[in-house]
Number of protein chains: 2
Amino acid sequence: MEKEIKKLKQRLGEVYDLRNAAEVLWWDQTTYMPPGGAAARGRQLSTLERLAHEKFTDPAVGELLEDLRSCEKELPYDSDESSLIRVTRCEYEREVMKPSDLVAEFSAHASESHNAWSRARPGNDFAAMRPYLEKTLDLSRRLAGFFSGYDHIADPLIAESDYDMTASSVRAVFSELRGHLVPLVQQITEQPPVDDSCLRQPFGVAEQLAFSEEVIRRFGYDFRRGRQDLTAHPFMTKFSWGDVRITTYAKKNDLRNPLFSTLHEAGHGLYEQGIARELEDTPLGEGRSAGLHESQSRLWENVVGRSRPMWRFFYPRLQEIFPNRLGSVPLEEFYRAINKVERSLIRTDADEATYDLHVIMRFDFELDLLEGKLEVRDLPEAWRERIKSDIGVEPPDDRDGVLQDAHWYDGAVGGMFQGYTLGNIMGAQFYGAALAQHPNIPEEFEAGEFGTLLAWLRENIYRPGGKYTTNEVLEKATGSTLSVEPYADYLRSKFGDIYDL
Amino acid sequence: MEKEIKKLKQRLGEVYDLRNAAEVLWWDQTTYMPPGGAAARGRQLSTLERLAHEKFTDPAVGELLEDLRSCEKELPYDSDESSLIRVTRCEYEREVMKPSDLVAEFSAHASESHNAWSRARPGNDFAAMRPYLEKTLDLSRRLAGFFSGYDHIADPLIAESDYDMTASSVRAVFSELRGHLVPLVQQITEQPPVDDSCLRQPFGVAEQLAFSEEVIRRFGYDFRRGRQDLTAHPFMTKFSWGDVRITTYAKKNDLRNPLFSTLHEAGHGLYEQGIARELEDTPLGEGRSAGLHESQSRLWENVVGRSRPMWRFFYPRLQEIFPNRLGSVPLEEFYRAINKVERSLIRTDADEATYDLHVIMRFDFELDLLEGKLEVRDLPEAWRERIKSDIGVEPPDDRDGVLQDAHWYDGAVGGMFQGYTLGNIMGAQFYGAALAQHPNIPEEFEAGEFGTLLAWLRENIYRPGGKYTTNEVLEKATGSTLSVEPYADYLRSKFGDIYDL
């Protein structure tokens with residue numbers, strides 16, 4: 001058995017070397033690559049993804065997994081070995097359904113489409129992206145077509161990132177959440193608007209970057225095993241246990257960026273940096289689902305990063321850096337400004353109360369596109385109507401409308417967005433559980449200490465990596481399955497306080 | 001036949017995707033990678049190199065090349081197709097001798113050794129590098145051992161980069177050159193030393209980088225298809241026809257760096273950027289030999305970059321950037337300073353008159369190590385003795401002695417250094433031929449124009465990429481084979497003028 005495990009790990013090692021190499025190429029494409037590099041980069045990524053897929057779905061891997069079936073049952077469920085066999089088989093059974101050529105085509109297309117989007121978005125040119133998005137939709141449908149027995153065509157795509165969810169289960173959760181959000185946003189926006197002009201001043205980009213890195217260093221992000229660079233659409237990426245990078249983007253006249261982008265991506269980074277080293281280069285060595293991952297990015301960005309206790313510590317430091325801009329702005333005014341609720345255009349910049357309405361809208365569009373209810377050519381118009389009715393704003397152009405997000409332009413249509421809101425919901429559950437066990441956590445924040453929270457998250461979520469399903473993690477850590485209530489309570493309590501509801 | 005050519009190109013495309021991906025990973029390792037990434041990076045590089053080697057030496061490639069033998073003869077020697085078959089077979093026959101596992105081991109070791117060197121050099125710790133270098137020597141010998149019929153064990157290693165040279169032919173050329181250099185350096189150093197204090201002042205790094213990029217942009221380096229980053233040991237690397245990058249390093253108190261490092265690497269970059277696009281992703285799509293490559297880096301760095309005409313144009317610009325440092329320094333003083341000859345420690349910083357003595361010393365060490373005449377443990381001492389007798393300086397430590405260069409610590413022992421001096425020799429031949437056809441070239445330099453020289457080099461050297469052997473390129477471009485005389489004349493004339501010999 002040890003011999004088979006070793007063989008399996010060797011094969012997985014090769015697969016992860018190829019996958020990680022592809023991650024480096026992707027990171028470079030979105031950070032430093034000169035424009036001339038675009039054409040070949042798509043081919044290179046496509047070759048790496050195809051080879052990784054071929055190596056992973058090699059029949060010899062299937063045979064090894066078969067040989068290991070009995071020993072999986074003999075060993076404790078929690079053990080590294082049993083988990084490795086179980087989780088690898090789960091991924092193998094999914095990957096083996098996809099032809100390697102389709103994987104390669106998807107990857108080449110994603111790279112080309114992302115390059116086209118990098119130009120089309122600033123140019124407000126949806127027409128240029130239409131053929132790319134149509135091909136993405138076509139590829140997404142073809143991918144789903146290789147899986148049988150689903151209820152909704154989006155199910156296999158959702159399963160790519162949140163494999164224990166379906167279109168129907170996500171819809172149910174989103175519908176319940178919507179029932180909380182719509183009246184909350186209504187109530188808030190009936191109040192006098194918060195003044196956030198203190199954030200909208202000229203701030204030096206270098207100082208902003210340095211401060212945001214100071215914050216995440218205190219959170220526990222390890223720069224010896226990571227770094228931060230600038231991109232158009234921030235992301236976290238992992239090349240190995242020892243190299244977990246984040247990217248951010250900076251605005252000169254808005255203090256919220258890079259700050260909150262950095263905190264968000266650092267949340268993802270803390271998750272990946274916290275996974276046990278011995279699980280590296282196997283399916284256990286990465287966060288298990290998009291929802292779990294977003295629970296961490298959104299928790300560190302919002303639950304921690306937009307909390308009063310944490311700013312009691314960091315705000316004086318920020319005032320020191322920008323004395324002319326913030327010296328006379330009281331903490332409370334700053335706190336209200338960074339939590340200002342408003343009907344706005346951009347998902348990634350949205351406040352916590354309206355954010356999920358953006359995601360739910362996106363998710364519905366994905367289902368409509370996949371079902372054929374909505375054509376790509378009609379999407380910009382449908383977007384304008386829906387964002388007006390759901391969020392109450394009218395995009396002046398496609399740049400800040402349907403073109404705003406990289407995800408449809410560098411990935412699939414379907415399965416790309418639900419994780420954000422599932423993450424918000426879970427994040428509140430996790431934080432509630434940590435707080436119940438360690439009521440001193442907010443006091444620690446006030447002293448610039450985040451170790452108790454981080455240790456709890458590492459123990460309950462990060463260290464086991466991909467060992468447990470999302471539901472298993474939730475139950476182990478919080479004693480409950482997915483529940484909207486804690487998140488709804490959190491939002492009501494936070495914004496009730498700020499807006500005096 | 002068209003079908004076979006297409007098949008061959010497809011297979012080569014996959015090989016080059018893997019090789020280019022490895023280049024990206026290497027570039028990242030030496031520019032941006034955090035220290036924690038080192039362990040996995042070696043494995044990743046090793047996997048990519050092994051797969052590239054397996055794919056290239058696949059028997060199906062050999063069969064395709066056999067099938068194409070007849071059509072190679074039917075087509076004109078100069079044609080893309082005939083050249084593709086000829087040059088690919090030449091590389092195939094060499095690569096097929098090496099076991100893929102050794103290639104992988106070499107690559108993993110190079111990455112680990114480079115990381116160790118990055119720490120050991122600043123720490124002046126040769127003892128830490130000794131086991132790495134011993135393994136490198138062992139791997140180099142094992143690699144050579146897979147080739148039969150050589151006269152000297154270094155021959156197969158020299159053939160890796162300068163495949164039409166041998167230890168014996170290089171020795172003959174070096175011995176002839178040495179006969180010119182030793183008396184020249186002796187004569188020069190008997191003269192009063194040149195005052196180069198104008199270069200040794202505090203200069204802003206950002207301004208130096210910007211100026212060096214301004215110069216190479218005028219040379220013709222295309223930043224839409226390239227970029228420059230900082231490293232410990234500068235190099236040029238190519239990820240595709242459209243992405244040819246250079247690196248440099250900056251010193252605050254020495255105007256020579258990044259400037260001349262940038263010019264040197266840009267010379268390599270101009271070569272690669274100038275290769276015909278249709279040769280991409282085949283063995284024709286890259287410079288043919290280390291010697292040819294260095295002929296271009298050294299030509300742009302020295303023959304152009306340290307010439308009086310070019311500085312007639314650029315020096316006023318440089319004075320504008322550093323008015324307090326250079327405003328009152330006359331052009332002639334600056335020109336003499338950047339061409340100051342002195343007995344010095346560091347090869348890459350050495351002037352043109354002493355540079356080749358460093359290379360010849362290195363080359364001799366490589367042969368002695370491979371022959372077993374010299375042990376790695378005795379190398380630092382041997383270095384100190386030889387550099388004292390050959391160049392007349394005593395290194396205060398190993399940092400600026402045997403540890404100074406990355407090459408033995410990230411590549412083979414053997415075949416790593418001869419290209420520099422072969423390049424100097426060829427560079428003078430090429431420049432002489434270009435000048436004979438276009439005597440107005442120096443006048444153009446004075447006007448900041450480099451187009452005539454660049455066009456001549458593109459036509460005669462760059463565009464055909466790897467089509468011709470080094471000797472063929474020399475004969476086509478200059479009408480002569482490798483000849484030391486033009487280089488010796490160039491040095492005598494240049495330094496005769498400066499030092500009034």
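Quick caveat, the model's predicted, so the values are computed rather than measured.

Cut-offs used in this document
- Residues numbered from 1 in each chain as written.
- Chains lettered and ligands numbered in written order.
- Predicted model: local features only at pLDDT ≥ 70, side-chain atom pairs only at ≥ 80, totals over all residues.
- Heavy atoms only, no water.
- Helix = DSSP H or I, 4+ residues; strand = E, 2+ residues; numbered from the N terminus.
- Rg over C-alpha atoms; globule rule 2.2 N^0.38 Å.
- Buried < 20%, exposed > 50% of the residue type's maximum accessible area, 1.4 Å probe, protein only.
- Contact = heavy atoms within 4.5 Å.
- Buried area = accessible area lost by both parts, 1.4 Å probe.
- Salt bridge = Lys/Arg side-chain N within 4 Å of Asp/Glu carboxyl O.
- Least-squares fit on C-alpha atoms with pLDDT ≥ 70 in both.
- Patch = residues over 30% accessible without salt bridge, like charges linked within 9 Å, V, L, I, M, F, W, Y side chains within 5 Å.
- Areas by Shrake-Rupley, 256 points an atom, 1.4 Å probe, with all protein chains shown as cover.
- Core = buried A, V, L, I, M, F, W, Y, C linked by side-chain atoms within 4.5 Å.
- Pairing = 2+ DSSP bridges.
- Axes fitted to C-alpha atoms, helices over the stretch in contact; angles between N-to-C directions.
- Expected span 1.5 Å × (residues − 1).
- Parallel < 35°, antiparallel > 145°, perpendicular 65-115°, else oblique.
- Left-handed = near helix turned anticlockwise from the far one by under 90°.
- Nonpolar A, V, L, I, M, F, W, Y, C, P; charged D, E, K, R; others polar.
- Polar contact = N/O pair within 3.5 Å; in protein donor to acceptor, adjacent residues only side chain to side chain.

(A) Examining the overall build of chain A more closely. A tally of helices and strands in chain A yields 23 helices and 3 strands. A compact globule built from 501 residues would reach a C-alpha radius of gyration of about 23 Å, and chain A, at 22 Å, matches this within 12%. C-alpha extents for chain A along the principal axes are approximately 65 × 50 × 45 Å. When the 501 residues of chain A are sorted by exposure, 62% land in the buried category. Considering only residue pairs separated by 6 or more positions, chain A has 75% of its internal contacts joining residues 24 or more positions apart.

(B) Main features of the interface of chain B and chain A. The partner chain A presents 38 residues to the 38 residues of chain B that form the contact. Of the roughly 2800 Å² buried at the junction of chain B and chain A (both faces included), carbon and sulfur atoms supply 55%. When the area that chain B buries against chain A is broken down by residue, the three leading residues are Asp17(B), Tyr32(B) and Gln44(B), summing to 19%. Connecting chain B to chain A are 10 salt bridges.

(C) Representation of the relation of the copies chain B and chain A. Mapping chain B onto chain A leaves a residual RMSD of 0.0 Å; the transformation is a rotation of 180° accompanied by 0.0 Å of translation along its axis. Here the two chains are linked by the operation of a two-fold rotation axis. Minimal C-alpha distance to the rotation axis in chain B is attained by Ala21(B), lying at 3.5 Å. A shared interface surface links the copies, since 100% of the contact residues of chain B are contact residues in chain A too.

(D) Here's a closer look at unusual backbone geometry. All names here are of chain A. At the junction of Asn257 and Pro258, the peptide bond is cis and its omega measures out at 10° in the coordinates. Following the sequence through the fold, Pro258 ends up in the loop between strand E3 (243-248) and helix H11 (259-273). Phi at Asn124 takes a positive value of approximately 55°, unusual for a residue other than glycine. Among the structural elements, Asn124 can be located in the loop between helix H6 (100-120) and helix H7 (126-145). Given a relative accessible area of 30%, Asn124 falls into the partly exposed group.

(E) Representation of a nonpolar patch on the surface in the model. Residues Val96(A), Met97(A) and Phe146(A) make up a contiguous nonpolar surface patch of about 230 Å² in total accessible area. Mapped onto the elements, Met97(A) comes out in the loop between helix H5 (80-95) and H6.

(F) Molecular detail of the nonpolar core. Among the nonpolar cores identified, the biggest contains 169 residues, and Phe219(A), Trp300(A), Met310(A), Trp311(A), Trp408(A), Phe430(A) and Leu453(A) are the most heavily contacted of them. For Trp300(A), the contacting residues outside a window of four places in its chain are Phe219(A), Leu263(A), Gly267(A), Leu270(A), Gly305(A), Phe450(A), Leu453(A), Leu454(A), Leu457(A) and Tyr462(A).

(G) Highlighting the sheet that holds strand E1 (residues 228-230) of chain B. Pairing within the open sheet is mixed, and its 3 strands lie in the order E1-E3-E2 (chain B). The sheet is open, and its two edges are formed by E1 and strand E2 (236-240) of chain B, each paired on a single side. Recorded for the sheet is a direction-independent mean angle of 30° between the axes of neighbouring strands. As paired elements, E2(B) and strand E3 (residues 243-248) of chain B share 4 bridges and run antiparallel to each other. Bridge pairing in E3(B) places Lys238(B) opposite Val244(B). Sheet strands touched by helix H2 (residues 38-56) of chain A: E2 and E3 of chain B. Its angle to E2(B), the strand with the most contacts, is close to 75°. Docked against the sheet, helix H10 (residues 205-219) of chain B engages E1 and E3 of chain B, running at close to 150° with respect to E1(B).

(H) Spatial organisation of helix H17 (residues 379-390) of chain B. For H17(B), spanning 12 residues, the distance from its first C-alpha to its last is 16 Å, which sits close to the expected 16 Å at 1.5 Å a residue. Once H17(B) finishes, Gly392(B) follows within two positions and takes phi at roughly 85°, a positive value.

(I) Up close: the packing of helix H1 (residues 2-31) of chain B against helix H3 (residues 59-67) of chain B. Residue and element names in this part refer to chain B. One can describe the packing of H1 onto H3 by two numbers: an axis separation of 10 Å at closest approach and a directional angle of 150°. One way to sum up the angle between H1 and H3 is to call them roughly antiparallel. Relative to H3, H1 is oriented so that their crossing is left-handed. Facing H1, whose interface residues are Glu4, Lys7, Leu8 and Arg11, H3 presents Ala60, Val61, Leu64, Leu65 and Asp67. Looking at the contact of H1 with H3, its residues break down into 5 nonpolar, no polar and 4 charged.

(J) View of the pattern of salt bridges. One pass over the structure, following the stated rule, counts 113 salt bridges over all chains. The partner of Glu371(A) in a salt bridge is Arg171(A), and the shortest N-O contact between them spans 3.7 Å. Of the two residues, Glu371(A) is situated in helix H16 (residues 352-371) and Arg171(A) in helix H9 (residues 167-189); the sequence distance between them amounts to 200 residues. Residue classification places Glu371(A) among the partly exposed residues on the basis of a relative accessible area of 33%. Note that Glu72(B) is salt-bridged to Arg89(B), the shortest N-O span being 2.7 Å. Of the two residues, Glu72(B) sits in helix H4 (residues 69-74) while Arg89(B) sits in helix H5 (residues 80-95), which places them 17 residues apart along the sequence. Taken as a pair, Glu72(B) and Arg89(B) share a single burial class, namely buried.

(K) Region of the structure containing the side chain of Ser113(A). Residue and element names in this part refer to chain A. Along the chain, the position of Ser113 falls in helix H6. According to the relative accessible area criterion, Ser113 is buried, its value standing at 1%. When sequence neighbours within four positions are dropped, the list of residues in contact with Ser113 reads Met129, Tyr132 and Tyr409.

(L) Helix H13 (residues 308-321) of chain A, seen in detail. All names here are of chain A. Taking 1.5 Å per residue, 14 residues should reach 20 Å; H13 reaches 19 Å between its end C-alpha atoms and fits that length. Here H13 has its buried residues at Pro309, Met310, Trp311, Phe314, Tyr315, Leu318 and Gln319. Among the structural elements, helix H10 (205-219), H11, helix H12 (290-304), helix H14 (323-326), helix H15 (331-338) and helix H20 (441-446) are those in contact with the buried residues of H13. The N-cap residue of H13 is Ser307: its side-chain oxygen and the backbone nitrogen of Met310 are 3.4 Å apart.

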